[in-house]
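Secondary and tertiary structure notes
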Amino acid sequence: MKADVTSNGQIHEVDAADAFHLLHTSPEGLDAKQVEWRLQEVGPNRLVRPPRWRLTQRIVKNFANFFALLLDVAAICCFVADAVQPGGGMGLLGWALLGVSVLNSLFALAQELRAERAMEALKKYLPALAVVRREGQTESIPAEDLVPGDLIQISEGDRVSADARLVESVDLLINNAPLTGESRTQPMTTARARGRLIESPNVVFAGCSVVRGHGLAIVFATGHRTEFGKIAALSRDVTRPLSPLERETQRMIRILTILAIAMGGLFFTYGVVVGRPLWVNIVFMLGIIVANVPEGLLPTFTLALSMAAVRMAKRQVLVKSLEAVEGLGAVHVVCTDKTGTLTRNELKLVALLSPFDGSNLSGSSAEHFLKCGLIASELNPTLTDTAQEDSSPPRWSGDPIDVALANEYEKCFGTCDTIIAHTRRHYPFDLQKRRESGVFANDSETLFAVKGAWESIRPQTCFFCGASGDSQPATASLLDGCDLLVQRESSQGRRVIAVASRSLPGLPDSNTREELLEASLTLLGLLVFDDPIRPEVPEAVAQCHSAGIRVILITGDHPDTAAAVARQCGILPDKASAQDVVIVGSELEHLREHRLVERLQQGVAVFARTTPDQKLKIVSALKSCQLVVAMTGDGVNDAPALKAADVGIAMGTSGTDVARESADIVLLDDNFASIVTGIHEGRAIFANMQKFTTYVLASNIPEIVPFLIFVVLPVPLALTVLQILSIDLGTDLLPAIGLGQEPPEDSAMRQPPRKATERLMSATVMVTAYLFLGMIQAAWSLLLFFLVLYHGGWYWGQDLAETSTLYRSATGITLASVILMQIGNVIGRRSEQSSGMDWGLLGNRIVLLGIFVEALLSWAILYWPPVQLILGTGPVEPEFYLLAWLGVPILFFADLTRKVILQRYTRHLPQAA
């Protein structure tokens with residue numbers, strides 16, 4: 001036997017007897033030697049977990065990025081420096097840098113371990129034990145010991161262990177929901193079949209459950225070769241694209257790292273050339289690097305995203321990947337399901353239509369019509385206790401359509417227990433045929449009834465039943481009239497189910513195929529169901545459109561129903577032709593990607609009669625257009641599409657564990673409006689990130705300039721490395737986190753999604769932070785530094801010991817002035833249009849707390865001995881401290897003037913153009 005027999009595409013197309021020959025086995029099963037050899041050849045029957053080295057690779061990747069390596073090297077240099085010259089505080093600095101590096105790397109690593117959790121969720125679908133026949137003996141073995149050629153026995157309640165070809169089947173029903181996403185059960189047979197393997201009624205698949213009956217099957221695929229294993233591998237191995245925020249963060253890290261290394265290397269070289277000692281050059285190279293790198297920025301990113309995720313959870317949006325918070329704000333396209341997301345998922349039977357003229361059926365005609373609908377249904381009595389009787393719990397459980405039928409019958413004609421009890425055969429819903437059927441038999445009659453999509457029943461319809469119970473031949477005009485009737489109801493967003501029946505001479509044999517009964521059917525009428533649109537959805541869709549976001553509907557419903565729902569929700573304009581904007585699954589299956597891209601660019605907004613596995617094709621086409629895509633899904637086979645999308649959104653109520661694990665976001669209420677809430681929050685997050693990035697980078701300049709001046713001029717160093725870290729990892733953190741909590745601007749959802757070229761660390765951010773705000777801070781803080789020095793008797797070129805009182809006082813006022821000016825900076829950063837000094841400031845408690853802490857620390861730096869000892873600062877005269885406070889309004893009003901000038905320039909720019 002060849003190892004690739006597990007993927008043999010012909011197994012379902014041969015007779016059951018030939019399957020034994022094809023798989024080199026026999027009705028007695030394999031012997032011990034065959035099992036051992038095949039187990040060695042194909043491996044155990046389990047999903048292949050990612051190799052352990054992949055975890056090591058991820059750890060190395062996250063601990064070896066530019067930012068982490070830069071901090072690690074700087075920390076090592078600090079430890080070496082501390083060993084060479086103890087007591088300078090370099091050891092403490094080294095531990096601080098190393099801690100920041102490890103913290104940031106751990107945050108990134110935690111996000112990458114989700115693939116392992118998705119694999120564990122998939123493994124839950126596979127059973128631990130299997131009943132197998134080997135050498136004529138039946139035994140129970142671990143499921144992972146199964147090999148191709150094994151004969152497995154399956155019975156009601158079992159979960160299938162491997163992909164297998166049926167050779168015996170007795171009233172066998174299989175639920176393939178974990179694989180196909182379709183909750184309906186499928187009747188199984190041993191006869192040969194044509195078409196796709198996944199649709200074959202003679203093959204059972206790993207992970208699927210046995211609803212009824214029992215059977216014997218030959219295993220032909222195990223482990224990762226099963227259809228389930230292929231989904232697992234695809235879900236794990238589909239490369240999740242970097243989120244917009246991840247791309248921007250990496251870009252920012254590269255820029256800052258290159259800038260820090262370049263400046264540090266340049267001035268290290270300069271120091272060597274002018275003859276400074278090597279030790280001094282190393283210390284000041286580290287100082288320049290530390291001053292250039294905003295050590296607290298990435299932790300601030302994570303904290304801001306985490307707090308946004310908490311806010312979103314309160315609004316029914318559970319965030320699993322923090323980057324997805326901002327990613328939602330960048331989406332250009334939202335691909336959404338219909339049922340339960342746009343609609344309430346509350347099917348109501350609103351009409352029983354005659355196939356002749358569309359009139360409502362009543363009386364005996366309606367009773368017979370509903371009775372046949374129930375014969376073709378699958379219902380189970382709801383188990384309730386007497387304590388619940390007063391609350392009138394539902395009597396029946398099952399598919400919503402079946403339950404609605406039962407409720408309507410009992411409301412009009414009494415209990416339907418007798419009908420259900422005398423339904424002797426049930427042929428479950430077939431996803432490809434789009435219909436299901438059943439056989440009813442009692443002492444007086446035997447009926448075969450079928451219900452499903454009209455287009456699937458139309459070819460078998462030979463007669464039409466009138467309101468009086470008489471039948472007429474199904475002429476072309478009658479069939480065309482029924483087509484128009486279905487189209488009329490579907491165009492109103494309603495779901496139409498046809499019901500047909502025929503009398504049988506007696507109860508058919510249990511092996512009788514459904515197709516043999518589906519002849520000479522009499523069409524009884526049309527069931528019309530309505531699933532109301534959620535009232536908040538049209539407004540949410542309108543908000544998406546005003547925000548420049550395209551909404552695409554993907555559903556398995558009739559094209560007319562899908563188009564009507566899309567119009568009711570506002571996804572399609574009222575006058576849009578369905579032919580131009582709707583693609584059905586059969587057409588999508590044969591479209592090449594470039595042609596699908598063309599149709600999407602032409603305005604296609606609805607995909608109808610689609611299957612879950614076609615979502616990945618839609619995602620790929622949209623992303624090839626350079627669009628950021630959000631995709632919703634709830635089934636196991638939605639997992640690859642959810643992972644391939646920029647933002648995967650799973651349903652919390654109706655979704656499977658696998659879908660939820662593969663997604664970035666889970667909608668706890670399955671509501672489309674919650675997606676819009678997330679988009680609004682995401683846009684606010686990106687704007688807020690630009691605000692606190694500008695805020696944090698502004699203090700880099702007054703940290704860098706003192707080192708540059710020290711290297712080229714004979715003056716003392718105005719700020720030490722430890723003092724710089726007290727800003728970056730201390731006073732800047734709370735105000736920056738507070739800026740991350742600013743509410744969205746009123747115009748956030750009236751603007752298009754940000755362009756792919758728009759940067760988090762944009763040219764505007766860098767110019768504002770470095771060349772404007774930073775320069776003002778550097779100039780004012782250095783002015784105070786030299787004022788204190790001159791007031792204390794220092795003269796140009798004089799060396800000052802680090803322990804001298806004058807030097808400590810001068811560096812103290814420099815540090816205090818930078819911290820105080822950041823108060824004016826944080827207020828101004830709250831808005832790019834206004835001053836930021838409004839009532840909203842009082843509502844942001846974190847910003848207020850940050851301002852209080854900055855003010856308090858500015859005093860403690862100068863006048864509280866414990867802080868003086870740690871940071872190496874000293875006291876100054878009160879008038880110098882008051883001058884430091886003057887920096888707050890100087891920076892604030894300078895920034896306000898910049899905003900006013902910029903707004904006037906922008907306002908006149910179009911006129912000038």
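Residues numbered from 1 in each chain as written. Predicted model: local features only at pLDDT ≥ 70, side-chain atom pairs only at ≥ 80, totals over all residues. Heavy atoms only, no water.

1. Description of the side chain of lysine 451
Mapped onto the elements, lysine 451 comes out in strand 15 (residues 446-452). Polar contacts involving the side chain of lysine 451 include one to the side chain of serine 377, which spans 3.0 Å. Within the structure, lysine 451 has its side chain in polar contact with the side chain of aspartate 402 (distance 2.8 Å). Leaving out residues up to four positions away in the same chain, lysine 451 has contacts with Gly373, Ala376, Ser377, Ile401, Asp402, Leu405, Arg435, Glu436, Ile457, Ile497, Ala498 and Val499. (Helix = DSSP H or I, 4+ residues; strand = E, 2+ residues; numbered from the N terminus. Polar contact = N/O pair within 3.5 Å; in protein donor to acceptor, adjacent residues only side chain to side chain. Contact = heavy atoms within 4.5 Å.)

2. A closer look at helix 14 (residues 400-413)
For helix 14, spanning 14 residues, the distance from its first C-alpha to its last is 20 Å, which sits close to the expected 20 Å at 1.5 Å a residue. Taken as a whole, helix 14 has its buried residues at Ile401, Asp402, Val403, Ala404, Leu405, Ala406, Glu408 and Tyr409. Glycine 414 lies just past helix 14 and shows a positive phi near 95 degrees. (Expected span 1.5 Å × (residues − 1). Buried < 20%, exposed > 50% of the residue type's maximum accessible area, 1.4 Å probe, protein only.)

3. Observations concerning the sheet that holds strand 23 (residues 629-633)
One key point about sheets: their strands pair by backbone hydrogen bonds, in either a parallel or an antiparallel sense. Taken in spatial order, the eight strands make up an open sheet running 8-25-24-23-9-20-22-21, and their pairing is mixed. A single partner strand is all that each edge strand has here, and the edge strands are strand 8 (317-319) and strand 21 (582-584). Direction aside, neighbouring strands of the sheet carry axes that sit 20 degrees apart on average. When strand 9 (residues 333-336) meets strand 20 (residues 550-554), the two strands line up parallel, connected through four bridges. (Pairing = 2+ DSSP bridges. Axes fitted to C-alpha atoms, helices over the stretch in contact; angles between N-to-C directions.)

4. Focus on the side chain of threonine 814
Position of threonine 814 among the secondary structure elements: in helix 32 (residues 805-829). Here threonine 814 falls in the buried class, since its relative accessible area comes to 0%. Here threonine 814 is in contact with Ala718, Leu719, Ser781 and Phe785, once residues within four sequence places are set aside.

5. Some thoughts on the pairing of strand 23
Moving residue by residue along a regular strand, the side chains alternate between the two faces of the sheet. Most of strand 23 is tucked away, with five of its five residues classed as buried. Burial of the side chains of strand 23 extends over both faces: Val629, Met631 and Gly633 are buried on one face and Ala630 and Thr632 on the other. Where strand 9 meets strand 23, three bridges bridge the pair, whose relative direction is parallel. What sits directly across from valine 333, in strand 23, is valine 629. Here strand 23 pairs with strand 24 (residues 647-651) via four bridges, running parallel.

6. Let's talk about the packing of aromatic side chains
For the structure on display, the rule yields ten aromatic pairs. Taken together, a centroid distance of 6.2 Å and an interplanar angle of 40 degrees make the contact between phenylalanine 786 and tryptophan 794 tilted. Neither phenylalanine 786 nor tryptophan 794 differs from the other in exposure class; each is buried. The structure contains a cluster of three or more aromatic residues connected by ring pairs, namely Phe785, Phe786, Tyr790, Trp794 and Trp796. A cation sits over an aromatic face here: arginine 754 above phenylalanine 686, 3.9 Å from the ring centre. (Phe/Tyr/Trp six-rings, centres within 6.5 Å; stacked < 30°, edge-to-face > 60°. Lys NZ or Arg CZ within 6 Å of the ring centre and 35° of its normal.)

7. Remarks on the packing of helix 9 (residues 244-273) against helix 28 (residues 700-712)
At a minimum axis distance of 10 Å, the contact between helix 9 and helix 28 shows a crossing angle of 20 degrees. Here helix 28 runs roughly parallel to helix 9, going by the angle between their axes. As for how helix 9 packs across helix 28, the hand of that crossing is left-handed. Counted together, Met263, Phe267 and Tyr270 of helix 9 and Ile704, Leu708, Val711 and Val712 of helix 28 form the full contact between these two elements. Of the residues that constitute the contact of helix 9 with helix 28, the class distribution is seven nonpolar, no polar and no charged. (Parallel < 35°, antiparallel > 145°, perpendicular 65-115°, else oblique. Left-handed = near helix turned anticlockwise from the far one by under 90°. Nonpolar A, V, L, I, M, F, W, Y, C, P; charged D, E, K, R; others polar.)

8. Notes on helix 19 (residues 537-546)
For helix 19, the full list of buried residues reads Val537, Ala540, Val541 and Cys544. Viewed end-on, helix 19 has its buried residues packed into an arc of 100 degrees, placing them on one side of the element. Trailing helix 19 by a residue or two, glycine 548 shows a phi angle of about 75 degrees, which is positive. (Arc of directions from axis to C-beta.)

9. Re empty space enclosed by the protein
The gaps left among the atoms become clear once a water-sized probe is rolled over them. In total, this model carries two cavities of 30 Å³ or more according to the counting rule given. Empty space within the largest cavity amounts to approximately 50 Å³. Lining the largest cavity we find Phe267, Phe268, Gly271, Arg276, Val280, Asn281, Phe284, Met285, Ile288 and Val711. For the lining of the largest cavity, the secondary structure elements donating two or more residues are helix 9 and helix 10 (278-292). Ranked by residues supplied to the lining of the largest cavity, first place goes to helix 10 with five residues. Looking at the lining of the largest cavity residue by residue, the classes come out as seven nonpolar, two polar and one charged. Taken as a whole, the second largest cavity spans an internal volume of roughly 30 Å³. For the second largest cavity, the full set of lining residues is Pro294, Glu295, Gly296, Leu297, Thr300, Val696, Asp728, Asp732, Leu733 and Ala736. Mapped onto the lining of the second largest cavity, the elements with two or more residues apiece are helix 11 (297-313) and helix 30 (733-739). Per-class residue counts for the lining of the second largest cavity are five nonpolar, two polar and three charged. (1 Å grid on protein atoms, 1.4 Å probe; cavity = no way out; pocket = protein on both sides within 12 Å on 5 of 7 lines; lining within 4 Å. Points joined across faces, edges and corners; volume = space filled by probe spheres on them.)

Geometric values such as these leave the question of function open.
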